[in-house]
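# Notes for the structure review
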Amino acid sequence: MLLSKILLLLSATLILFSCEREPTDCCNDNTTALFESTSIDYASNFDLVKTNIGYSLKILNPENGELEKTISIKTEKNKIISLSATVNGMISNINAQKFLAGVGNRNYIYDSIILNRILNNEILEFGDEMNISTEKIISSSANIILYSGFGNEFPNESKLNKLNINIIPIYDWREQHPLGKAEWIKLIGVLMGKEKEANTYFDYVVREYEKILSATDTLSNLPSVLSGSLYGDIWYAPGGNGYFSTLLKDAGANYIYSATKGTASQEYSMEKILKDNLSTDYWINSGLSTKAAINNGNPKAKYLKAYKSSTYCYSGNLNKFWEQSASAPHIVLRDLVQILHPEIMLSKELYFYKRIE
Amino acid sequence: MGIVKTNTILLFGLLISIPILSIVHLSIGQIDISTQEFWQSIFNFNENSANEIIIREIRIPRLMMALIAGASLSVVGLLMQTLFNNPLAGPYVLGINSGSSLFVALSIMTGIPFFTSDFGIITNALIGAFLFGLVILFFSKLVRTQIALLLVGLMLGSFISAFVSFLQSASNAQELKVFTLWALGSLQKVEFSQLPIIIIVAVIGILAAFLIVKPLNVLVLGEQEAKLLGVNMKRTRVIIIVITAILTGLVTAFCGPIAFVGLAVPNLVRILFKTQQHFTLLIASLLFGAIFILICDILIQLVEPHFMLPINVLTSIIGAPMVIFFILNRLR
């Protein structure tokens, strides 16, 4: 009995280990040819234009598509502070951790190399972007800060610009297509002097994504799906034009709010959620990871049909999902297909998700 | 027309407004409901009917909490204003609400196992309110005058607010969001099954306030005069603090801190009713308070399909101009 438990634990550890390597396995792929310049095919919130000294980066406003800022960047090893979890994941994907000068907070880091470098004081912690110390930034001698752009302007942005420190908002979370979200890795590659690795990785992701997509595009039985969770009195659900809505569509789901406009989250009352979703088949991204936590945080959810057997959340470590999923949409898609259409059997294990029992 | 007759008519008007506004409140929302579905949701509940779930779990608890929160906070506000002989006093001057905030902040924003255990936000808010109620009770035994107690309460509140702000600055975005949402107040957190206990506690607290009508009437003359007229000040003070802790703690625990009502409603009632008889003032405050939050929540429900408004935002947006209007009209 004990032996079987140990064997089970060992095999689970091996599966987990093999799974966790997956997002970076691509980079050993030698099939991609060398390239001349980085082109942007899926992302709609940034563009890279080749110049004599490197690239001209254009950041577009996700709300109206207008040019927000243009930054001249050199394709050399910049010293970067990353305050975005998805950027940290992309840096891990192209093994560029050693060029990272700073992060937000170690509690939100999943990558073990970044964590070790923080422990060895090779990467500094800067805390929340709204309370960030300008003096600490200047003393770190970083020349680029990457942040999520949730707020309007980075604190003291104009002062930092005068000191030749570029502030770049990473609007990957406002992309319409999951591959557009992942394509931001090309910008990270350019900034880190790892353009080739980033392009190779992204090409691999596109191939894998399309491979899975070809398995789902003939499906006729599309289960209904609710996504999101309740904060206070408001249920936040992915916008119909957002990347997660695209992922659900590509996974062969009938996302209940797919017809809504916009890439940002939609806000609903619990009354509307109950009215629209009493018989919805699946509830994905429930936010809470146990039934006890759901009962405590949103007891009215117990009336949803999906709550009884088909509720899924990010498995175990939340940092893992936020760090890795943006640049691994093929794995998120594979998980979703596995959940919604187990008959296709793309893999045996879920990588990012777990079912709430 | 005499003041007594005017006040009786006003009270009657407030009284009949409650069922009318309650029906309006119940019938507004994303779905239309029938009377049959309403009664079925209470007495013959069908878990598979969306309409019945919405009535039982959302609309009825929301209505009851609007009534209870409005009535309780207004009654407590009146008690505080009379005790301290100060129209700026409200349910929160004794720091009881701050106690709730502190415990909720600790439960959300620290990793301390006791606070993050299965207690949940409601229990933590209740513990915080009652613990700080006891602290104030302790201080009330030490200090002799009302003004000293008021100052102690305000200082305690300021100290805790600063500590909560410190916790907020050290917390992450997710924790900050959960706490901020709690602090915005909500009438929708309560479940149908929790209503009986909430109603019982609220009724006990409000009825207890009617037991001290006589000392309250004398307290209006001032602390010294009340003592000379034979009011046992210490006992009255203890009873008022206990009622405040029970009612403020109850509302804060289940709805979050709802601002303004406790401060504004008793002042409005005094202006409208022109009396110092606390029996009338208590009835008017609890009715007016309930109506005030009901109207605010009806407006919130009306705009809900377009955007979501927290209750705390609307109570202040509507309440502040209302008080200014009445002051300008009646007290110029």
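It should be noted that the structure appears before, not after, this text.
Criteria and cut-off values
Residues numbered from 1 in each chain as written. Chains lettered and ligands numbered in written order. Predicted model: local features only at pLDDT ≥ 70, side-chain atom pairs only at ≥ 80, totals over all residues. Heavy atoms only, no water. Pairing = 2+ DSSP bridges. Helix = DSSP H or I, 4+ residues; strand = E, 2+ residues; numbered from the N terminus. Right-handed = clockwise from strand over helix to strand, strands pointing away. Contact = heavy atoms within 4.5 Å. Buried area = accessible area lost by both parts, 1.4 Å probe. Salt bridge = Lys/Arg side-chain N within 4 Å of Asp/Glu carboxyl O. Polar contact = N/O pair within 3.5 Å; in protein donor to acceptor, adjacent residues only side chain to side chain. Core = buried A, V, L, I, M, F, W, Y, C linked by side-chain atoms within 4.5 Å. Buried < 20%, exposed > 50% of the residue type's maximum accessible area, 1.4 Å probe, protein only. Disulfide = S-S within 2.5 Å. Arc of directions from axis to C-beta. Phe/Tyr/Trp six-rings, centres within 6.5 Å; stacked < 30°, edge-to-face > 60°.

As a further point, take the pairing of strand β5 (residues 100-103) of chain A. Residues and elements named next belong to chain A. In this structure, strand β4 (residues 80-82) lies alongside β5, joined through 3 bridges in parallel fashion. The partner of I81 across the bridge, within β5, is G102. As a crossover connection, the stretch from β4 through helix α3 (residues 85-93) into β5 is right-handed. In this structure, β5 lies alongside strand β6 (residues 124-125), joined through 2 bridges in parallel fashion. Considered in β6, the bridge of V103 is made with E125. Handedness of the crossover is the feature at issue here: the chain leaves β5, passes through helix α4 (residues 112-119), returns alongside β6, and the resulting connection is right-handed.

Right, let's talk about the interface of chain B and chain A for a bit. If you look at the interface, chain B gives 27 residues, while chain A gives 21 residues. Summed over both partners, the interface of chain B with chain A buries about 2200 Å², with 59% contributed by carbon and sulfur atoms. Per-residue buried area on chain B facing chain A is highest for Q30, I58 and M308 of chain B; these three make up 26% of the total on that side. Counting the contacts that link chain B with chain A gives 2 salt bridges. The partner of R59 of chain B in a salt bridge is E271 of chain A, and the shortest N-O contact between them spans 2.5 Å. Seen at the junction of chain B and chain A, the total is 5 residue pairs in polar contact (both at pLDDT 80 or more). Secondary-structure elements contributing two or more residues to the side of chain B that touches chain A are α3 (50-83) and α8 (173-183) of chain B. Of the residues forming the side of chain B that touches chain A, the biggest block, 6 residues, is contributed by α3 of chain B.

We now examine the nonpolar core. Of all hydrophobic cores here, the largest spans 101 residues; its most connected members are L79, M80, F84, L94, I258 and I293 of chain B. If you tally residues by element for this core, the top one is α3 of chain B, at 16 residues. Here L79 of chain B is in contact with A209, I212, L216, I240, I243 and L282 of chain B, once residues within four sequence places are set aside. The next biggest cluster of nonpolar side chains, apart from the first, holds 92 residues, and it includes I168, L191 and Y312 of chain A together with I53 of chain B.

Under the criterion given, the structure shown has 0 disulfides over all chains. No disulfide involves C255 of chain B; its sulfur sits 13 Å from the nearest other cysteine sulfur, which is in C296 of chain B.

Residues and elements named next belong to chain A. Within α4, the full set of buried residues consists of I114, R117 and I118. Projected down its long axis, α4 carries its buried residues within an arc of 105 degrees, all on one side. In this structure, the buried residues of α4 make contact with α3, β5 and β6. The residue sitting at the N-terminus of α4 and contributing the capping side-chain oxygen is D111; that oxygen lies 3.1 Å from the backbone nitrogen of I113.

Residues and elements named next belong to chain A. Counted under the stated rule, the structure contains 20 aromatic pairs over all chains. Ring geometry for F321 versus W322: centroids 5.2 Å apart, planes at 85 degrees, classification edge-to-face. Relative accessible area serves as the criterion here: at 5%, F321 is assigned to the buried category. Relative accessible area serves as the criterion here: at 39%, W322 is assigned to the partly exposed category.

Bringing the sheet that holds β4 of chain A into the picture now. All names here are of chain A. An order of β6-β5-β4-β7-β8 is seen for the 5 strands of this open sheet, with the pairing classed as parallel. Edge positions in the sheet fall to β6 and β8 (166-169), since each of these pairs with one other strand and no more. Here strand β7 (residues 144-147) pairs with β8 via 4 bridges, running parallel. The residue of β8 that forms the bridge with I145 is I167.

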